[in-house]
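Observations on the model geometry
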Amino acid sequence: MIEKPTKIFNETDDVESQLKKIGLTRKIVQEVAFAAASARADSLAVDPTNAPGLLSYIYGVRALRLQLLKNGWRQSRENNIESTVNDELGVQLCFQNVDTACSESKIPHAISGKGPGSRELVAAGQGDLFNETPQVKKVSRLGQIPTVWILGVASDGYSISAEVSCPTSFEGSQFDNFHSRIFVVNEDFDGFETSDLTESDYTDDIEIQISRKQ
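Only a predicted model underlies this, so the values are computations on that prediction, with no experimental measurement involved.

Focus: the side chain of Asn86
With respect to the helices and strands, Asn86 occurs in strand 3 (residues 83-86). Classification of Asn86 as buried rests on a relative accessible area of 10%. Among the polar contacts listed, one links the side chain of Asn86 to the backbone nitrogen of Leu89, at a separation of 3.0 Å. Contacts of Asn86, omitting those with residues within four sequence positions, involve Trp73 and Val91.

As for the packing of helix 2 (residues 26-41) against helix 3 (residues 51-68)
Between helix 2 and helix 3, whose axes approach to 7 Å, the crossing angle comes to 155 degrees. With respect to helix 3, the element helix 2 is oriented roughly antiparallel. For the pair helix 2 and helix 3, the sense of crossing is right-handed. Across the interface between the two elements, Ile28, Glu31, Val32, Ala35, Ala36, Ala39 and Arg40 of helix 2 pack against Pro52, Gly53, Leu55, Ser56, Tyr59, Gly60, Ala63, Leu64, Gln67 and Leu68 of helix 3. Of the residues that constitute the contact of helix 2 with helix 3, the class distribution is 11 nonpolar, four polar and two charged.

Topic: a nonpolar patch on the surface
A cluster of nonpolar side chains, namely Leu54, Tyr57 and Ile58, defines an oily patch on the protein surface of about 240 Å² accessible area. Taking relative accessible area as the criterion, Leu54 reaches 43% and is therefore assigned partly exposed.

Some words on the packing of aromatic side chains
Inspection of the entire model under this criterion finds one aromatic pair. A ring pair is formed by Tyr57 and Phe95, whose centres lie 6.2 Å apart and whose planes are at 55 degrees; its orientation type is tilted. Separated by 38 residues along the polypeptide, Tyr57 in helix 3 and Phe95 in strand 4 (residues 91-97) bring together distant segments of the chain. The ring of Tyr59 is capped by Arg62, whose NZ or CZ atom sits 4.7 Å from the centre of that ring.

Quick word on the confidence of the model for the protein chain
Confidence in the prediction of the protein chain, expressed as mean pLDDT, is 80, and 73% of residues score 70 or more. Taking the mean pLDDT of every element in the protein chain, the minimum, 46, falls on strand 8 (residues 210-212) and the maximum, 97, on helix 1 (residues 12-21). Counted against residues more than four places away or in other chains, residues 128-139, with its pLDDT under 50, gives 24 contacts. A low-confidence stretch, residues 194-214 stays under pLDDT 50, and its non-local contacts, those more than four residues away or across chains, total 34 contacts.

Conventions and cut-offs
- Residues numbered from 1 in each chain as written.
- Predicted model: local features only at pLDDT ≥ 70, side-chain atom pairs only at ≥ 80, totals over all residues.
- Heavy atoms only, no water.
- Helix = DSSP H or I, 4+ residues; strand = E, 2+ residues; numbered from the N terminus.
- Buried < 20%, exposed > 50% of the residue type's maximum accessible area, 1.4 Å probe, protein only.
- Polar contact = N/O pair within 3.5 Å; in protein donor to acceptor, adjacent residues only side chain to side chain.
- Contact = heavy atoms within 4.5 Å.
- Axes fitted to C-alpha atoms, helices over the stretch in contact; angles between N-to-C directions.
- Parallel < 35°, antiparallel > 145°, perpendicular 65-115°, else oblique.
- Left-handed = near helix turned anticlockwise from the far one by under 90°.
- Nonpolar A, V, L, I, M, F, W, Y, C, P; charged D, E, K, R; others polar.
- Patch = residues over 30% accessible without salt bridge, like charges linked within 9 Å, V, L, I, M, F, W, Y side chains within 5 Å.
- Areas by Shrake-Rupley, 256 points an atom, 1.4 Å probe, with all protein chains shown as cover.
- Salt bridge = Lys/Arg side-chain N within 4 Å of Asp/Glu carboxyl O.
- Phe/Tyr/Trp six-rings, centres within 6.5 Å; stacked < 30°, edge-to-face > 60°.
- Lys NZ or Arg CZ within 6 Å of the ring centre and 35° of its normal.
- pLDDT = per-residue confidence, 0-100.

Structure below.
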């Protein structure tokens, strides 16, 4: 099969339209991205070496679900993979820390390599949607195989970028390509201020304190 070129959406109107099709908004993606980046910045030198990525992942997943569950989405842990599913739209959304995002010349790679569970999950849903032949068939709660999308966030403390992308089936530990990529956040900052929020303070309308470059 000849692989179709990736569809990239980076114009404001196109981004809003494409996000709406999968039950998202620019604001939701921004809040998830800022929550994940702020959590990464909260790690200290005395923490374990994996603390920045782990904190970013935990707060990214948390922020995503706090935004989506109130809109009728549900949690899923199929194949031991944390995701959030919209059965009506047939969308399965996963949070992922990536090395880069919103770059037309670079494909986002997951900071943590993907295993067989991820490959099966992607192949099952994307096969029906894009006329491929998946090796695994798993039906969601409403009898439909949801299509997997990735909300990928890249941050180094001074810049943050986030995109929502639909990966193609892949063989190794990394995504090989994407059917669609929606570029949502791509900003530079002077740095994230350390948050003093406790877990009980974290709500779905949290404001992440950032300082923009002048």
